[in-house]
Amino acid sequence: EAGVTQFPSHSVIEKGQTVTLRCDPISGHDNLYWYRRVMGKEIKFLLHFVKESKQDESGMPNNRFLAERTGGTYSTLKVQPAELEDSGVYFCASSQEHNPWMTQYFGPGTRLLVL
Amino acid sequence: DQQVKQNSPSLSVQEGRISILNCDYTNSMFDYFLWYKKYPAEGPTFLISISSIKDKNEDGRFTVFLNKSAKHLSLHIVPSQPGDSAVYFCAASDSGTYKYIFGTGTRLKVLA
């Protein structure tokens with residue numbers, strides 16, 4: 001069974017540019033989560049999809065971030081325009097159900113560097 | 001304000017000895033706790049969890065202890081192996097939101 005995949009693995013962009021990150025969850029997982037880790041800090045929750053619906057987007061930093069999950073399969077996270085403080089590792093995770101004891105499986109992350 | 005704290009950024013342990021990683025939390029609503037392990041350039045992988053109705057959960061070489069009154073949990077690895085060298089994240093969740101709140105991680109180095 002394929003795990004959670006993320007693309008690209010790395011992205012280096014200039015301040016003001018746009019970047020789109022993609023996440024493909026494990027097949028059959030309705031729940032998809034985005035997290036971000038800024039260097040040396042905690043892994044911070046950004047938002048949660050159930051199928052194509054945003055269940056919780058309380059962690060999204062501001063309106064420069066837009067997440068979508070059309071069709072309830074893969075998800076994209078767009079940052080427009082990117083700022084220096086957006087640099088970090090963006091992780092995607094998926095789970096079959098949304099409860100704490102249903103393991104969230106993480107992808108390898110996208111390392112974003114904004115110059 | 002950080003609700004889950006891992007105050008030791010790093011820890012070195014000799015192979016074969018016990019590794020003890022600590023985690024403190026502030027939110028009394030948390031009722032489920034997890035440990036994830038992360039290797040460089042990989043995503044975190046689930047290691048072990050514990051519900052607040054228990055005070056101990058064991059899985060092979062890994063044991064998690066929960067002290068609710070102190071709002072403290074710890075991960076014990078016995079015996080430690082070089083392959084255990086990784087960053088360990090503590091996470092907590094509550095039955096209301098089910099969101100994972102992570103700590104900043106502790107880098108464990110097991111010396112051969």
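Since the structure is predicted, the reported quantities are computational estimates derived from the model, not experimental observations.

Conventions we followed
Residues numbered from 1 in each chain as written. Chains lettered and ligands numbered in written order. Predicted model: local features only at pLDDT ≥ 70, side-chain atom pairs only at ≥ 80, totals over all residues. Heavy atoms only, no water. Contact = heavy atoms within 4.5 Å. Buried area = accessible area lost by both parts, 1.4 Å probe. Salt bridge = Lys/Arg side-chain N within 4 Å of Asp/Glu carboxyl O. Polar contact = N/O pair within 3.5 Å; in protein donor to acceptor, adjacent residues only side chain to side chain. Helix = DSSP H or I, 4+ residues; strand = E, 2+ residues; numbered from the N terminus. Nonpolar A, V, L, I, M, F, W, Y, C, P; charged D, E, K, R; others polar. Buried < 20%, exposed > 50% of the residue type's maximum accessible area, 1.4 Å probe, protein only. Pairing = 2+ DSSP bridges. Core = buried A, V, L, I, M, F, W, Y, C linked by side-chain atoms within 4.5 Å. Phe/Tyr/Trp six-rings, centres within 6.5 Å; stacked < 30°, edge-to-face > 60°. Lys NZ or Arg CZ within 6 Å of the ring centre and 35° of its normal. Disulfide = S-S within 2.5 Å.

A. Structural view of the interface of chain A and chain B. If you look at the interface, chain A gives 21 residues, while chain B gives 19 residues. Overall, the association of chain A and chain B removes approximately 1,700 Å² of surface from exposure, summing both partners, and the carbon and sulfur fraction of that is 63%. Applying the counting rule to chain A against chain B returns one salt bridge. Of the charged contacts, one joins Asp56 of chain A and Lys99 of chain B as a salt bridge, the two residues approaching to 3.8 Å between their closest N and O atoms. The tally of links between chain A and chain B comes to three residue pairs in polar contact (both at pLDDT 80 or more). Looking at the side of chain A that touches chain B, the elements that each hand over two or more residues are β4 (31-37) and β5 (43-50) of chain A. Class assignment of the residues belonging to the side of chain A that touches chain B gives a composition of nine nonpolar, seven polar and five charged.

B. Quick peek at unusual backbone geometry. Looking along the chain, the bond that leaves Gln80 of chain A and enters Pro81 of chain A is cis, with omega of -10°. Looking at where Pro81 of chain A falls in the secondary structure, it is placed in the loop between β8 (75-79) and β9 (88-95). Cis geometry is found at the peptide bond from Val78 of chain B to Pro79 of chain B, where omega equals -10°. At Lys51 of chain A, a residue that is not glycine, the phi angle is positive and equals roughly 55°. Positionally, Lys51 of chain A belongs in the loop between β5 and β6 (53-56). Non-glycine residue Ala41 of chain B carries a positive phi angle of around 65°. Residue class for Ala41 of chain B comes out exposed when judged on its relative accessible area of 57%.

C. View of the sheet that holds strand β3 (residues 19-25) of chain B. Residue and element names in this part refer to chain B. Spatially, β1-β3-β8-β7-β6 is the arrangement adopted by the five strands of the open sheet, whose pairing is antiparallel. The open sheet has two edge strands, β1 (4-5) and β6 (56-59), and neither has a second partner. Here β3 pairs with strand β8 (residues 72-77) via six bridges, running antiparallel. Following the sheet pairing, Asn22 is matched in β8 by Ser74.

D. Representation of the pairing of β5 of chain A. Residue and element names in this part refer to chain A. Within β5, six of the eight residues are buried, which leaves the element mostly enclosed by the surrounding structure. Adjacent in sequence and paired antiparallel, β4 and β5 are bridged by five residues, among which Gly40 carries a positive phi angle near 80°. Relative to β6, β5 runs antiparallel, the two being bridged by three bridges. Residue Val50 lies in a different strand from β6, and its bridge partner there is Ser53.

E. Broad picture of the nonpolar core. Counting 23 residues, the largest nonpolar core has Phe33, Trp35, Leu73, Leu75 and Tyr88 of chain B as the members making the most contacts within it. Mapped onto this core, the elements with two or more residues apiece are β3, β4 (32-38), β5 (45-51), β7 (62-67), β8, β9 (86-93) and β11 (106-111) of chain B. For this core, the element with the highest residue contribution is β9 of chain B, accounting for four residues. In contact with Tyr88 of chain B, other than residues within four places in its own chain, are Gln6, Leu21, Trp35, Tyr36, Lys37, Leu47, Leu75, Ile77, Gly105, Thr106 and Leu108 of chain B. Counting residues in each nonpolar core, the second largest holds 21 residues, with Ile13, Ile26, Val79 and Leu112 of chain A among its members.

F. Layout of the packing of aromatic side chains. Going through the model one piece at a time under the given rule, you end up with 15 aromatic pairs over all chains. Seen in terms of ring centroids, Tyr35 of chain A and Phe102 of chain B are 5.7 Å apart; in terms of plane orientation they differ by 90°. Their pairing is edge-to-face. Note that Tyr35 of chain A is positioned in strand β4 and Phe102 of chain B in strand β10 (residues 101-102), a pairing that runs across two chains. The residue whose ring lies beneath Arg22 of chain A is Tyr74 of chain A, and the NZ or CZ to ring-centre distance is 3.7 Å.

G. How the structure looks around the state of the cysteines. All names here are of chain A. Across all of its chains, the model carries two disulfides over all chains by this definition. Across a sulfur-sulfur distance of 1.8 Å, Cys23 and Cys92 are joined as a disulfide pair. Note on the Cys23 and Cys92 pair: the S-S dihedral is about -60°, so by sign convention the disulfide is left-handed. Separated by 69 residues along the polypeptide, Cys23 in strand β3 (residues 19-24) and Cys92 in strand β9 bring together distant segments of the chain. No difference in accessibility class separates Cys23 from Cys92, as the two residues are buried.

Limitation: the analysis is restricted to geometry and does not speak to function.
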